Amino acid sequence: MKPDTFSKILRGKYDMVKKDNLLRLCVGLELTSFQAEELLNSAGYTFSNAVMTDVVVKACLYNRVYSPLRVNWELSDNNAPMLFHDYKLYNPLYD
């Protein structure tokens, strides 16, 4: 996630934040499925049982699966688009 996107979330500018970015944040912060639902609701989103990405991410959070690589694998296994593209660990020394 780009730093400016994270900054918008911190400032409550949810109308400018995509749901996928919030889902990434939920995984990165290792939220419970309940906490993730609260965050999504505060931004006007919710988990949908009709969207496979939502189903898989919610299940991962419920089962405490927080590895972005594992979440991507679960999404791929269920024919859903991956959330973490070009995944790499953030290192502030390279900013």
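So, here's what we can say about the structure. (Residues numbered from 1 in each chain as written. Predicted model: local features only at pLDDT ≥ 70, side-chain atom pairs only at ≥ 80, totals over all residues. Heavy atoms only, no water.)

A few words now on the overall build of the protein chain. Of the regular secondary structure elements, the protein chain holds five helices and zero strands. Reading the helices (α) and strands (β) of the protein chain from amino to carboxyl end gives α-α-α-α-α. The contacts in the protein chain between residues at least 6 apart in sequence include a share of 43% that link residues at least 24 apart. Looking at the protein chain as shown, the accessible area adds up to about 6,500 Å², and 53% of this sits on carbon and sulfur atoms. (Helix = DSSP H or I, 4+ residues; strand = E, 2+ residues; numbered from the N terminus. Contact = heavy atoms within 4.5 Å. Areas by Shrake-Rupley, 256 points an atom, 1.4 Å probe, with all protein chains shown as cover.)

Here the structure, examined in full by the defined rule, presents two salt bridges. A salt bridge links Lys19 to Asp54; the nearest nitrogen and oxygen atoms lie 2.4 Å apart. One end of the pair, Lys19, is in helix 2 (residues 19-28); the other, Asp54, is in helix 4 (residues 52-62), with 35 residues separating them in the sequence. We note that Lys19, like Asp54, is buried. Across the pair Arg70 and Glu74 runs a salt bridge, and its minimum N-O distance is 3.0 Å. With Arg70 and Glu74 both in helix 5 (residues 68-77) and four residues apart, the pair spans about one turn of that helix. Judged by its relative accessible area of 40%, Arg70 falls in the partly exposed class. You can call Glu74 buried: its relative accessible area is 19%. (Salt bridge = Lys/Arg side-chain N within 4 Å of Asp/Glu carboxyl O. Buried < 20%, exposed > 50% of the residue type's maximum accessible area, 1.4 Å probe, protein only.)

Further remarks concern the packing of helix 4 against helix 5. Viewed as axis vectors pointing N to C, helix 4 and helix 5 meet at an angle of 140°, and their least axial separation amounts to 10 Å. Taken together, helix 4 and helix 5 sit at an angle that is classed as oblique. Note that helix 4 runs across helix 5; the crossing there is right-handed. In this structure, helix 4 contributes Thr53, Val56, Val57 and Cys60 to the contact, and helix 5 contributes Val71, Glu74 and Leu75. (Axes fitted to C-alpha atoms, helices over the stretch in contact; angles between N-to-C directions. Parallel < 35°, antiparallel > 145°, perpendicular 65-115°, else oblique. Left-handed = near helix turned anticlockwise from the far one by under 90°.)

A word on the nonpolar core. Among the nonpolar cores identified, the biggest contains 24 residues, and Leu22, Phe47, Val57, Leu61 and Val71 are the most heavily contacted of them. For this core, the secondary structure elements donating two or more residues are helix 2, helix 3 (33-42), helix 4 and helix 5. Looking at this core, the element that brings in the most residues is helix 2, giving five residues. (Core = buried A, V, L, I, M, F, W, Y, C linked by side-chain atoms within 4.5 Å.)

Attention shifts here to helix 4. Listing the buried residues of helix 4 in full gives Thr53, Asp54, Val56, Val57, Cys60 and Leu61. Taken together, the buried residues of helix 4 touch helix 2, helix 3 and helix 5. Positive backbone phi, approximately 60°, marks Arg64, located one or two places after helix 4.

Moving on, we get to the environment of Gln35. Mapping Gln35 onto the fold places it in helix 3. Given a relative accessible area of 37%, Gln35 falls into the partly exposed group. Once the C-alpha coordinates of Gln35 and Leu61 are considered, the two residues, 26 residues apart in sequence, prove to be 9.5 Å apart. Reaching out from Gln35, the side chain makes a polar contact with the backbone nitrogen of Thr32 at a distance of 2.8 Å. (Polar contact = N/O pair within 3.5 Å; in protein donor to acceptor, adjacent residues only side chain to side chain.)

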